[in-house]
Amino acid sequence: MANGLDYAGGIPGGAAIAAAGYRFVCRYLASGGPGLPGKLLTPAEADDLRANGIDIVSNWETTADRMLDGYEAGRSDAQAALNQALACGGSASRPIYFSADFDATPEQQTPINAYLQGAATVLGTDNVGIYGGYWPVSRALDAGVATWGWQTQAWSGGNQDPRINILQNVSLGYAYVNGVECDIDQSLTVDFGQWSLGGDMQLSDTITDAYGNQVSVGDALKWLLYHTDLTIDQLGGEGTRDAMPAIFAGWPQLNGRTIVDALAEIGAHLGIAGYQPPSTGA
């Protein structure tokens, strides 16, 4: 289980979130307007989060009861949510949680389910999630209109659906990270919708290198390409890496031989079985 955050009133920053011990954030793909300046996930924030090893989960919420607007609202919102996720480096293969941020009654489940069905026309049911209290989340999962569940302890009467992927743990209170008030979330499954488990890897994504250091994918590729070039030159002679097709010029120190040719020559001279000088070997 990993601990994460969701927030809307400000941007804590990836470094501060990591330093506070949190591993992921659930971020809104819709603007909060002047009243909630930190609500909307932007490409710059997404890059900062990934650079600091913080995973991202997608959420869409405009107003608390938006889902009561039904099917067409779900379809429209899903397209807007997907567009913003892609703009921030997310993938169409990762789920988006849609919020029922109120104490929904059984009668209100009909438009909620219709909203999720509308979202599925854009995302596919496999990528549709719901956020809310125990009952609307459970009913949506029962009806098959959502595949992913993010349950808040609010409006849940102490119940917790065993199928959910994320729990918003209200009992823990708020976390204050870099001065920003945040809700605390806990992942309950290995895959809870985080971006890092799907889609194309970004150059700004963070990985752990062979020495245990956190490095960006871009820096790891630079290191790999640089040392590959050095190795090619060492094997074939200076400048081998620059020639297309490769020209194995050899090294002056080896009388114009490559390392492979020099080893073959030495082995043949010493009479080692299987070694042949380059002039007669294959």
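Here the structure is a predicted model, which is why all the values come from computation and not from measurement.

Before going further, it helps to spend a moment on the pairing of strand S9 (residues 180-187). Within S9, 6 of the 8 residues are buried, which leaves the element mostly enclosed by the surrounding structure. With 4 bridges connecting them, strand S1 (residues 3-6) and S9 associate as antiparallel partners. In the strand pairing of S9, Asp-6 is matched with Asp-183. In terms of strand pairing, strand S7 (residues 166-168) meets S9 through 3 bridges, oriented antiparallel. From the neighbouring strand, Leu-167 faces S9, where its bridge partner is Gln-186. Where strand S8 (residues 174-177) lies against S9, 4 bridges are found, and the strand directions are antiparallel. The residue of S9 that forms the bridge with Tyr-174 is Asp-183.

So, about the pattern of salt bridges. Enumeration over the complete set of coordinates arrives at 10 salt bridges. Linking Arg-27 and Glu-45 is a salt bridge whose minimum nitrogen-to-oxygen distance equals 3.0 Å. In this pair, Arg-27 sits in strand S2 (residues 24-28) while Glu-45 sits in helix H2 (residues 43-51), placing the two residues 18 residues apart along the sequence. Of the two residues examined, Arg-27 and Glu-45, each falls in the buried class. We note a salt bridge from Arg-66 to Asp-77, for which the minimum N-O separation is 2.8 Å. Linking Arg-66 in the loop between strand S3 (55-60) and helix H3 (71-87) with Asp-77 in helix H3, this pair joins segments that are 11 residues apart in sequence. Members of the salt-bridge network, linked through shared partners, are Arg-66, Asp-69 and Asp-77.

How each quantity is defined
- Residues numbered from 1 in each chain as written.
- Predicted model: local features only at pLDDT ≥ 70, side-chain atom pairs only at ≥ 80, totals over all residues.
- Heavy atoms only, no water.
- Buried < 20%, exposed > 50% of the residue type's maximum accessible area, 1.4 Å probe, protein only.
- Helix = DSSP H or I, 4+ residues; strand = E, 2+ residues; numbered from the N terminus.
- Pairing = 2+ DSSP bridges.
- Salt bridge = Lys/Arg side-chain N within 4 Å of Asp/Glu carboxyl O.

Fair warning: the whole summary comes from geometry, so function is off the table for now.
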